[in-house]
Amino acid sequence: MALPQTALPAGYRWRTLTPDDRRLVTELDTWAFPSGTSHDDLDAAPSPLAWDRTIGIEADGSEGLVALHASYPFEHFPVPGAELPTAGLTWVGVHPQHRRRGLLTAMIDLHLARSAERGEPLSALFAAEAAIYGRFGYGHAADDLRLDVPRGAALRDVPGAELHTVRVEVATRERHGDLVDRLHRAAGVAPSGVPGINRPGWVTRETAALQAVHWDDTPGQRGGRESRRILIAELDGEPRGYVTFRRSLTWEPTGARGHVSAGEVVAADGAAARALWGALLDLDLTNEVSPFILPVDDVVTQLLVNLRAAAPRTPDNLWVRLVDVGAALAGRQYAADVDVTLAVTDARLPANGGVYRLQAEAFGPASVERVDPEFDAPELSLDVRELGAVYLGGKSLAVLAAAGLVTVHRRPGQRRSPLASASTAFGWPIAPGASWVF
C-alpha cells in the first residue's frame, strides 16, 4: 500500500519498514519504552509486527528512526453481536529528542488514512498514557479488572465444579497451542456459557506473528519468574478452561513468600471457572494470585466471597475510534429497538461529520443513512470520541450526556427524551474487554 501524502514537519520523512529493519525498530522502541532487556535479546524474540503495516520516520541529521507506529490486522474484531475489520494501533513511539514536533499527530493521521483505505471501519488500541488518544477521536470504551487474591480466598460453590479434574503442566505451544486457541476464541463468542451474546473487544491472536509472541517463553519474557505453567480444567476428559501462570518466590524472616502472576483465565462456564480458581488459589508456597486483565464482569467477581479483600482496580482497557461512522454503526447489533438521529462531529476525519439516522431492532440488523438535518433534525449531538466510548456497549450514553459531552435535542411535541432508549440500545449484556494482544 502506497503511503498517503500525510504531511510531516520539514526535515522529516516517512520510511516503509521491513524485517531487515528489526534493529532500528528495537532501538527506537527502547527509547520510547525503556527496557532492561538487551537489544540482542529483544531482536532474538519473535516480533508481533505486520511489516506491511509498520511505518517509521527518519530525520535529517539523525541516525536510525525517530518515530514509529504500526497496526495489527484484526479481521474478526468482536463488536456487539458481530465482527468488523479493525486496525489495532500499536508500537507508537517518538524518540525523546524529537517530541513536541507534530510527529505523533502525523502518524495518527497516516494510520487513520491507511485504515480507511483498507476498509477498516474501526481502530482500537491500549493506551500507554490515558491522556493521549482522546484528542485524536479515540473513546475510552472498556476497562479491565486487576486483583490480588489472597491464597485460600473463599469461593462460592457452583454445581458441577466438583465433577471437573484440574491438571497442571509446563505450558508449551506444541502441546497446548490448539487447546488455548480454541477455548480463548470460544470465550469471546459465549462468555462463561452465555449463548448468543459475545464479548465485544475480546481480541484473538489472528496472525502467526501474534501467536509466536504469545508463546515465547525466553528468560527475557519471564521477568525473573519461572517458565509459563498452565492449569487445565476438564470434564469427562474434555478441556473446559485454562489458566496460564508464572510463580515467583522470595525467602523472608517469616518464611517463604510466593506470588502467582496469572495470565489468561478462560472458562467455558461457571463450573469450570470455579474449578480453575479453586486450584489456582490452592497452590503451595503462595501468598496471593494476581490475574492480568480480566473483564470487569468476570465470573470471579461473583465467585469470591470477599471481593474487597482482593483489592479490585479497574484501569482503562480498550480505546476505540470510528474510522467510518456509517459502516461502524451499521456493523454492530443493539440491545434494544432504536430509531435515533445522531449529529456527529469529527475534527480529524471531517468526512465522518454529519447527521445519521440509526434504526435497529433488538439483537437484529441495523440500518444507517445520512440525512438532511433540515428535514430530519438530530436528537443527539456528540463527537466521534464519545461515539467510540459507547460503541462496544461498556460505557453509558446517558452518563456522557450527564457529563455534558452529549447534547440532547427534543423535537416539538416529543414526549420522551431519545436519550434513554438510545443509551439502552448502545449497551450490551456482556461487558467489553480484551486480553493482552496489543
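So, how was this worked out
Residues numbered from 1 in each chain as written. Predicted model: local features only at pLDDT ≥ 70, side-chain atom pairs only at ≥ 80, totals over all residues. Heavy atoms only, no water. Helix = DSSP H or I, 4+ residues; strand = E, 2+ residues; numbered from the N terminus. Rg over C-alpha atoms; globule rule 2.2 N^0.38 Å. Buried < 20%, exposed > 50% of the residue type's maximum accessible area, 1.4 Å probe, protein only. Areas by Shrake-Rupley, 256 points an atom, 1.4 Å probe, with all protein chains shown as cover. Lys, Arg positive; Asp, Glu negative; His and termini not counted. Charge placed at Lys NZ, Arg CZ, Asp CG, Glu CD. Pairing = 2+ DSSP bridges. Right-handed = clockwise from strand over helix to strand, strands pointing away. Contact = heavy atoms within 4.5 Å. Axes fitted to C-alpha atoms, helices over the stretch in contact; angles between N-to-C directions. Patch = residues over 30% accessible without salt bridge, like charges linked within 9 Å, V, L, I, M, F, W, Y side chains within 5 Å. Salt bridge = Lys/Arg side-chain N within 4 Å of Asp/Glu carboxyl O. Parallel < 35°, antiparallel > 145°, perpendicular 65-115°, else oblique. Left-handed = near helix turned anticlockwise from the far one by under 90°. Nonpolar A, V, L, I, M, F, W, Y, C, P; charged D, E, K, R; others polar.

**Section: the overall build of the chain**
So, step 1. A tally of regular secondary structure across the chain gives twelve helices and 20 strands.
So, step 2. Here the C-alpha radius of gyration of the chain, 23 Å, is about what a compact globule of 438 residues would show, namely 22 Å.
So, step 3. C-alpha atoms of the chain, sized along the principal axes, occupy 70 × 65 × 40 Å.
So, step 4. The buried share of the chain, taken over its 438 residues, is 51%.
So, step 5. For the chain, the accessible surface area stands at approximately 19,500 Å², while carbon and sulfur atoms represent 51% of it.
So, step 6. Positive and negative side-chain charges of the chain, numbering 43 and 54 respectively, have mean locations separated by a distance of 4 Å.

**Topic: the pairing of strand S4 (residues 82-94)**
So, step 1. When strand S3 (residues 67-79) meets S4, the two strands line up antiparallel, connected through ten bridges. Each residue of the ladder has a partner; that of proline 73, found in S4, is alanine 87.
So, step 2. A loop of two residues connects S3 with S4, the two strands running antiparallel in sequence, and glycine 81 in this loop sits at a positive phi of about 75°.
So, step 3. Pairing of S4 with strand S5 (residues 122-126), which is carried by three bridges, proceeds in the parallel orientation. What sits directly across from threonine 86, in S5, is leucine 122.
So, step 4. Following the chain from S4 across helix H3 (residues 103-117) to the adjacent parallel S5, one finds a crossover that is right-handed.

**Comments concerning the sheet that holds strand S8 (residues 149-150)**
So, step 1. An order of S8-S13-S12-S11-S10-S9 is seen for the six strands of this open sheet, with the pairing classed as mixed. Strands with a single pairing partner mark the edges of an open sheet, and in this sheet they are S8 and strand S9 (165-170).
So, step 2. With four bridges connecting them, strand S12 (residues 255-267) and strand S13 (residues 288-291) associate as parallel partners. Among the inter-strand pairings, histidine 259 is bridged to a residue of S13, identified as glutamate 288.
So, step 3. Together, S8, S9, strand S10 (229-235), strand S11 (238-252), S12 and S13 form the strand contacts of helix H7 (residues 270-280), whose direction differs from that of S12 by roughly 165°.

**A word on the sheet that holds strand S6 (residues 139-140)**
So, step 1. Reading across the sheet, the seven strands line up as S1-S2-S3-S4-S5-S15-S6 and stay open at both edges, with mixed pairing between neighbours. Since the sheet does not close on itself, it has two edges, and those belong to strand S1 (12-16) and S6, each with one partner.

**What about a nonpolar patch on the surface?**
So, step 1. Where nonpolar side chains cluster on the molecular surface, the patch consists of Leu249, Trp251 and Leu285 and spans about 360 Å² of accessible area.
So, step 2. Within the secondary structure, tryptophan 251 sits in strand S11.

**Some points on the packing of helix H4 (residues 173-189) against helix H5 (residues 208-215)**
So, step 1. Where H4 meets H5, the axes come as close as 12 Å, and the angle between the chain directions of the two elements is 120°. Considered as vectors, H4 and H5 are oriented oblique to each other. Here H4 and H5 pass one another in a crossing that is right-handed. Residue-level contacts link Arg173, His176, Gly177, Val180 and Asp181 of H4 to Gln211, Ala212, His214 and Trp215 of H5.
So, step 2. Partitioning the contact of H4 with H5 into residue classes produces three nonpolar, four polar and two charged.

**Thoughts on unusual backbone geometry**
So, step 1. One non-glycine residue, tryptophan 91, lies in positive phi territory at about 55°.
So, step 2. Among the structural elements, tryptophan 91 can be located in strand S4.
So, step 3. A relative accessible area of 22% places tryptophan 91 in the partly exposed class.
So, step 4. The residue leucine 285 is not glycine, and still its phi comes out positive at about 50°.
So, step 5. Within the secondary structure layout, leucine 285 lies in the loop between H7 and S13.
So, step 6. Here leucine 285 falls in the partly exposed class, since its relative accessible area comes to 49%.

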